[in-house]
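Descriptive structure summary
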Amino acid sequence: MKFLLSALMATALMIGSMTSVRAEIYQQGIVYVNYEREGDAAVIATDVDNNGVPDVVEDIATQINAARAVFHDEFGFPDPLGSARYKNVKTIEVDVCAKKDMNNQNGLAFSGVRKKSKHNPNESALHISIASTADPHKNSTPTHEYFHLIQYGATYFRNGWYLEGMARWSQDAVQEIKKYPTDRNLSWTLKDKASEAKIFAGKYGVAKLLWYPLSVDLNDKQKISSKLIKKYRYVDGAAVFKDNVFYGPNVMKRVLASMKSVEDEAANEFGGRKKWIKDGVRNAQNNKYILKCVRDIYNERRS
Ligand SMILES: [Zn+2]
């Protein structure tokens, strides 16, 4: 990315217990990518713009900055940087890791703050990990993991059907979805005990069961501006945003805000806020509060 490019060719940082692998740091805006050229977590070396930074490293940072632009600048989601929870945190670090060191996942997003960031031990950072095998051209993993940071900044709830289902939904920001999943009986789904149980037991699949159908049924069809689509391109020139259709951002923003407003009720049921934040944010007792937020928004918009 030329417009934001400022590569920090750094620094003999040693990661973890590995002693011989040199990590380097690439900066694009507030995003810092920590990567290695050798060893288990080595990134693909292709560097078509010959700027000394592997393209995949630039492309990861570009996708995250594109996600920030679409979620915050275009659709007004609260920025986790500067949220009450993360008020003194100003940067995001991405560690490119070997997939085998990440429970075989493509990405991980951490809710805790990295107190001494790798790019500056005097500064804290939010952080995510991306597998060295993930290709931002094909995988929307950077967007998915970045959306988790938005979720963490917006509410402490961590139930998997919400957390992973909605993060899967968020991938639509950069992906093209040819046919959006719908549910002709969504009002029934939101009442029926068996459907409810299926939602609560789900994770990524809840995007299809609930979050996309909700977006479509409430007619929240939005367009990503051509300005952003032109601006965010990978090193090889390919657009980050595969199309301009994005279903549901206003609905999801409202769901997150509404969830925040019921945190105290869930915490009280669990025995107090401190205890809830420590041990209760994934508890099944939370499910009814989160689903009630969804139902209320659905019923209000439909009436
Ligand atoms: Zn996830």
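Okay, so let's go over this structure. Fair warning: this is a prediction, and the values are worked out from it, not measured in the lab.

Side note on the packing of aromatic side chains
The tally for this structure, following the rule as stated, stands at 14 aromatic pairs. Here Phe-147 and Trp-169 contribute two aromatic rings whose centre-to-centre distance is 5.6 Å and whose plane-to-plane angle is 70°, an arrangement assigned as edge-to-face. Placement of Phe-147 in helix α2 (residues 141-154) and of Trp-169 in helix α3 (residues 160-170) is noted, with a sequence separation of 22 residues between them. Each member of the pair, Phe-147 together with Trp-169, is buried. On the numbers, 6.1 Å between centres and 5° between planes, the contact of Trp-161 with Trp-211 is stacked.

Brief notes about the coordination of the zinc ion
Within the first shell, the zinc ion binds the protein through His-144 (NE2), His-148 (NE2), Glu-164 (OE) and Glu-164 (OE), at distances of 2.0 to 2.8 Å. For the zinc ion, the four donor atoms in the first shell make angles of 52 to 146° at the metal, so the coordination geometry reads as irregular. Between consecutive donors of the zinc ion, the numbers of intervening residues give the motif H-x3-H-x15-E. One end of the pair, His-148, is in helix α2; the other, Glu-164, is in helix α3, and 16 residues separate them in sequence. Per residue, the accessibility class of His-148 equals that of Glu-164, and both read buried.

What counts, and at which threshold
Residues numbered from 1 in each chain as written. Predicted model: local features only at pLDDT ≥ 70, side-chain atom pairs only at ≥ 80, totals over all residues. Heavy atoms only, no water. Phe/Tyr/Trp six-rings, centres within 6.5 Å; stacked < 30°, edge-to-face > 60°. Helix = DSSP H or I, 4+ residues; strand = E, 2+ residues; numbered from the N terminus. Buried < 20%, exposed > 50% of the residue type's maximum accessible area, 1.4 Å probe, protein only. Donors = N, O, S within 2.8 Å, 3.2 Å for Na, K, Ca; no water. Tetrahedral: all angles 85-135°; square planar, octahedral: opposite > 155°, others 65-115°.

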